[in-house]
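An overview of the molecular structure
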Amino acid sequence: MKKEVIYYSSGSMGFPNSVELLENNKGKILEEGSELIVDLKEHKILHFWDRMNELQVWKWKSEYIMEGILDGHTWELKLRNREGKTRNFYGHMRYPDNYNDFIKELNNLFGSEIQDEKYEI
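In this report, we go over the structure that sits alongside the text. Values in this document were obtained by computation on a predicted structure and should not be read as measured data. (Residues numbered from 1 in each chain as written. Predicted model: local features only at pLDDT ≥ 70, side-chain atom pairs only at ≥ 80, totals over all residues. Heavy atoms only, no water.)

1. Thoughts on the packing of aromatic side chains
By convention here, two paired aromatic rings are described through the distance between centres and the angle between planes. Selection rule: Paired rings are identified among Phe, Tyr and Trp, the last through its six-membered ring, by centres lying within 6.5 Å, and are further divided according to the angle between planes into stacked (under 30 degrees), edge-to-face (over 60) and tilted (the rest). Partly exposed describes any residue whose relative accessible area lies between the buried limit of under 20% and the exposed limit of over 50%, with all areas from a 1.4 Å probe on protein chains only and scaled to the type maximum.
Going through the model one piece at a time under the given rule, you end up with 11 aromatic pairs. A centroid spacing of 6.1 Å and a plane angle of 15 degrees characterise the contact between Trp-49 and Trp-58, whose relative ring orientation is stacked. Assessed through its relative accessible area of 10%, Trp-58 is described here as buried. A connected cluster of aromatic rings, assembled from ring pairs, spans Tyr-8, Trp-60, Tyr-64, Trp-75, Phe-89, Tyr-95, Tyr-99 and Phe-102.

Structure representation (structure tokens):
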């Protein structure tokens, strides 16, 4: 079994927000400058991977970038499942169609309150 990676970070003005899967089913949540370590239930991690497959996150483009805008919301996602399937994504003011569903799954897994609702100019 490969080391799983679930890492998401985003920001615009102010503090960045991030969630990260740590060893031993621990999760790190960084919101509004505060760090919290939480216990993640195994069945929730497995459900998260199922949802990534259902949402076809593996088929997202590597980059979602709005050209010509220098500031604004940026996001980064790194995933590696137990089978070793790996993808890295980056976005600046652009998002995959089902981005909001993805954010809901992150919040479900980590118990976080990320509010990075997709918005495009």
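From this point, the narrative continues.
2. Focus on the pairing of strand 4 (residues 34–39)
We count it as follows: Two strands form a pair only when DSSP identifies at least two bridges running between them. By definition, any uninterrupted DSSP run of H or I lasting at least four residues is a helix, any uninterrupted run of E lasting at least two residues is a strand, and each is numbered from the N terminus.
As judged from the 6 bridges shared by strand 3 (residues 26–31) and strand 4, these two strands associate in the antiparallel manner. Counted as the bridge partner of Glu-31 is Ser-34 from strand 4. Where strand 3 hands over to strand 4, the hairpin turn is made up of 2 residues, of which Glu-32 adopts a positive phi near 50 degrees.

3. Section: the sheet that holds strand 5 (residues 63–65)
This is how it is decided: For helices, the axis comes from a line fit to the C-alpha atoms of the stretch in contact; other axes are also lines fit to C-alpha atoms, and the angle between any two N-to-C directions lies between 0 and 180 degrees.
Reading across the sheet, the 7 strands line up as 4-3-2-1-6-7-5 and stay open at both edges, with mixed pairing between neighbours. Lying at the two open borders of the sheet, with one neighbouring strand each, are strand 4 and strand 5. Averaged over all neighbouring strand pairs, the angle between strand axes comes to 5 degrees, with direction disregarded. When strand 1 (residues 5–11) meets strand 6 (residues 74–80), the two strands line up antiparallel, connected through 7 bridges.

4. Some points on the pairing of strand 7 (residues 86–92)
Consecutive side chains along a regular strand alternate between the two faces of the sheet. Looking at chain direction, strand 5 and strand 7 are connected through 3 bridges and run parallel. Considered in strand 7, the bridge of Glu-63 is made with Tyr-90. Relative to strand 7, strand 6 runs antiparallel, the two sharing 7 bridges. Its bridge partner being in strand 7, Leu-77 is matched across the sheet by Phe-89. Between strand 6 and strand 7, which pair antiparallel in sequence order, lie 5 residues; one of them, Gly-84, sits at a positive phi of approximately 95 degrees.

Note that every value here comes from positions in space, so none of it alone points to a role or purpose.
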